[in-house]
Amino acid sequence: MIERFIHHVGIELPSPAETLAETRERLRDKFPRTALRRMTQLGLMLGSALERVVLTPDDALVYASTFAETRALEDFLTGFPSASPLLFQTSIHPGGVQQVLIGRQQPVARLWPLAGRARLVEHALLTALLETSPQVAVAGGEECGTWMLERGMAAPRPFAFALVLTCDAAGAAGRVAFEPAAGADGDCPALEDFARALGERRPLDWNGAGGSWRLEWQ
């Protein structure tokens, strides 16, 4: 069995109707004013979720998102034939978490940007459990799309999450564990479902990647 212990959980679950302007207003005290104007909605939510996380240059960060900066990509595509190069740059995965790291001038040993759908949570957690860094942050989230949502290429609700995993059980809020086992893969939690489970301190268990997974709380 391999496991890591949870020492921080940060969650952003705003209303699906919340606009970028409203997110900026709600979170404005958490960011320098100059950075606030340039950040995407996902970048702002990730920054809030990671607000109390202290990373060192020896730590690693795993970042998971299926659609990433949806609003910037929508604006870039609708801008043709005079599309903005800045919007294109902003829309590239893993721009959301890079906005946070650059704003803090925070180096990390490794950044693992992951994308996917059905088993994205599993891939992110497995990456974190196999990391050699003593402390690993796992973050992820989505923006709510408009016309891309109608085409199945965006999330229906905005959200972000962050958790910090270490090998130290003392003072931990919970743990993530994987135990190799035979058997067919079961349904892996979707990224938003995983975020909501973190916010509610709700346990999860499923089979996948050649073993059984457990998210447990103290």
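Structure: see above.
Since the model is a prediction, treat every value here as computed from it, not as a measurement.

Peer 1: I'm lost on the overall build of the chain in this one. Help?
Peer 2: Scanning the chain for helices and strands turns up nine helices and eight strands. Expected size for 218 residues packed as a compact globule is a radius of gyration near 17 Å; at 17 Å, the chain falls within 12% of this value. Considered along the principal axes of its C-alpha atoms, the chain spans approximately 55 × 35 × 30 Å. For the chain, the proportion of its 218 residues judged to be buried stands at 49%. Considering only contacts within the chain whose residues lie at least 6 apart along the sequence, 73% involve residues at least 24 apart. A total accessible area of about 10600 Å² is found for the chain, and carbon and sulfur atoms account for 54% of it. Computed over 21 positive and 26 negative side-chain charges, the separation of the two mean positions in the chain equals 5 Å.

Peer 1: Explain the packing of helix H1 (residues 20–27) against helix H3 (residues 41–49) to me, please; I cannot follow it from the model alone.
Peer 2: Two quantities define a packed helix pair, namely the angle between the axes and the distance from one axis to the other. Contact pair H1 / H3: the axes reach a minimum separation of 9 Å and the direction vectors enclose 25°. The orientation of H1 relative to H3 falls into the category roughly parallel. Where H1 crosses over H3, the handedness of that crossing is left-handed. Taking contact as the criterion, the partners of Leu20, Thr23, Arg24 and Leu27 in H1 are, on H3, Gln41, Leu44, Met45 and Ser48. Residues belonging to the contact of H1 with H3 are distributed by class as follows: four nonpolar, three polar and one charged.

Peer 1: Whenever I open this one, the environment of Pro107 confuses me. Can you help?
Peer 2: As for its placement among the helices and strands, Pro107 is situated in the loop between helix H6 (95–104) and strand E3 (110–114). Along the primary structure Pro107 and Asp58 are separated by 49 residues, whereas in three dimensions their C-alpha atoms are 8.5 Å apart. Filtering out sequence-adjacent residues up to four positions away, Pro107 remains in contact with Thr56 and Pro57.

Peer 1: Whenever I open this one, the nonpolar core confuses me. Can you help?
Peer 2: If you look at the biggest cluster of nonpolar residues, it comprises 31 residues, and the most contacted ones within it are Ile6, Val138, Phe161, Leu163, Phe194, Leu198 and Leu215. Considering each element in turn, this core owes the most residues, six residues, to helix H7 (residues 120–130). Leaving out residues up to four positions away in the same chain, Phe161 has contacts with Gly10, Ile11, Leu46, Ala49, Val138, Ala139, Gly140, Gly141, Leu191, Phe194, Ala195 and Leu198. In terms of nonpolar packing, the next biggest core, distinct from the first, is built from 23 residues, Leu36, Leu42, Leu46 and Ala160 among them.

Peer 1: Explanation requested: the packing of aromatic side chains in the structure shown.
Peer 2: The description of two aromatic rings rests on the distance between their centres and on the angle between their planes. Tallied over the full model, the rule gives five aromatic pairs. Judged by centre distance (4.7 Å) and plane angle (45°), the rings of Phe178 and Trp213 are tilted. Of this pair, Phe178 sits in strand E6 (residues 174–180) while Trp213 is found in strand E8 (residues 211–217), placing the two residues 35 residues apart along the sequence. Residues Phe178 and Trp213 agree in their burial class; the two are buried. Given a relative accessible area of 1%, Trp213 falls into the buried group. Three or more aromatic residues joined by ring pairs make a cluster, and in this case those are Phe76, Phe80 and Phe88.

Peer 1: So what exactly am I meant to see when it comes to unusual backbone geometry here?
Peer 2: Peptide bonds are, in most cases, trans, and in most cases residues other than glycine have a negative phi. With omega at 10°, the peptide bond leading from Phe80 into Pro81 counts as cis. Backbone torsion omega between His93 and Pro94 reads 15°, so that peptide bond is classified as cis. Looking at the secondary structure, you find Pro94 in the loop between helix H5 (85–91) and H6. Although it is not a glycine, Gln105 adopts a positive phi angle of roughly 55°.

Peer 1: What should I look at first to understand H3 in this one?
Peer 2: Because an α-helix completes one turn every 3.6 residues, residues spaced three or four positions apart along the sequence face the same direction. Among the nine residues that make up H3, nine are buried, leaving the element largely enclosed by the rest of the structure. What H3 keeps buried is the set Gln41, Leu42, Gly43, Leu44, Met45, Leu46, Gly47, Ser48 and Ala49.

Peer 1: Any chance you could explain the packing of H3 against H6 here in plain terms?
Peer 2: The N-to-C vectors of H3 and H6 enclose an angle of 60°; their axes lie 7 Å apart at closest approach. Relative to H6, the element H3 lies oblique. Crossing geometry of H3 relative to H6 is assigned as right-handed. In this structure, H3 contributes Gly43, Leu46 and Gly47 to the contact, and H6 contributes Gly96, Val97, Gln99, Val100 and Arg104.

What counts, and at which threshold
- In this convention, every chain numbers its residues from 1, walking through the sequence in written order.
- Whole-chain, interface and lining totals are the exception, using all residues; otherwise, since this is a predicted model, local features are given only for residues with pLDDT of at least 70 and side-chain atom pairs are given and counted only at 80 or more.
- To obtain the side-chain values, all non-hydrogen atoms of the structure were included, while hydrogens and water were left out.
- Secondary structure follows DSSP: runs of H or I at least 4 residues long count as helices, runs of E at least 2 residues long count as strands, and numbering of each begins at the N terminus.
- Taken over C-alpha atoms, the radius of gyration is set against a globule rule of 2.2 Å times the number of residues to the power 0.38.
- A 1.4 Å probe rolled over the protein chains alone gives each residue an accessible area, and that area as a share of the maximum for its type sets the label: buried under 20%, exposed over 50%, partly exposed in between.
- Residue contacts are defined here by distance: any two heavy atoms, one from each residue, within 4.5 Å place the two residues in contact.
- Reported accessibility uses the Shrake-Rupley method at a 1.4 Å probe radius. Residues are deemed covered only where the shown protein chains occlude them.
- The charge count includes Lys and Arg as positive and Asp and Glu as negative, but it does not include His or the ends of the chains.
- Here the site of a charge means atom NZ of a Lys, CZ of an Arg, CG of an Asp or CD of a Glu.
- With axes taken as lines fitted to C-alpha atoms, and helix axes fitted only over the stretch in contact, angles between N-to-C directions fall between 0 and 180 degrees.
- In this scheme, roughly parallel covers angles under 35 degrees and roughly antiparallel covers those over 145, while 65 to 115 is roughly perpendicular and the rest are oblique.
- Throughout, a crossing is termed right-handed when the near helix is turned clockwise from the far one, and left-handed when it is turned anticlockwise from it by less than a right angle.
- Under the scheme applied here, ten amino acids are nonpolar (Ala, Val, Leu, Ile, Met, Phe, Trp, Tyr, Cys and Pro), four are charged (Asp, Glu, Lys and Arg), and all others, including Gly, are polar.
- We define the nonpolar core as a collection of buried residues of types Ala, Val, Leu, Ile, Met, Phe, Trp, Tyr and Cys that are connected through side-chain atoms lying within 4.5 Å of one another.
- Stacked, tilted and edge-to-face are the three classes assigned to paired rings of Phe, Tyr and Trp, where Trp is represented by its six-membered ring and a pair needs centres within 6.5 Å; plane angles under 30 degrees give stacked, over 60 edge-to-face, the rest tilted.

These figures capture arrangement, not role.
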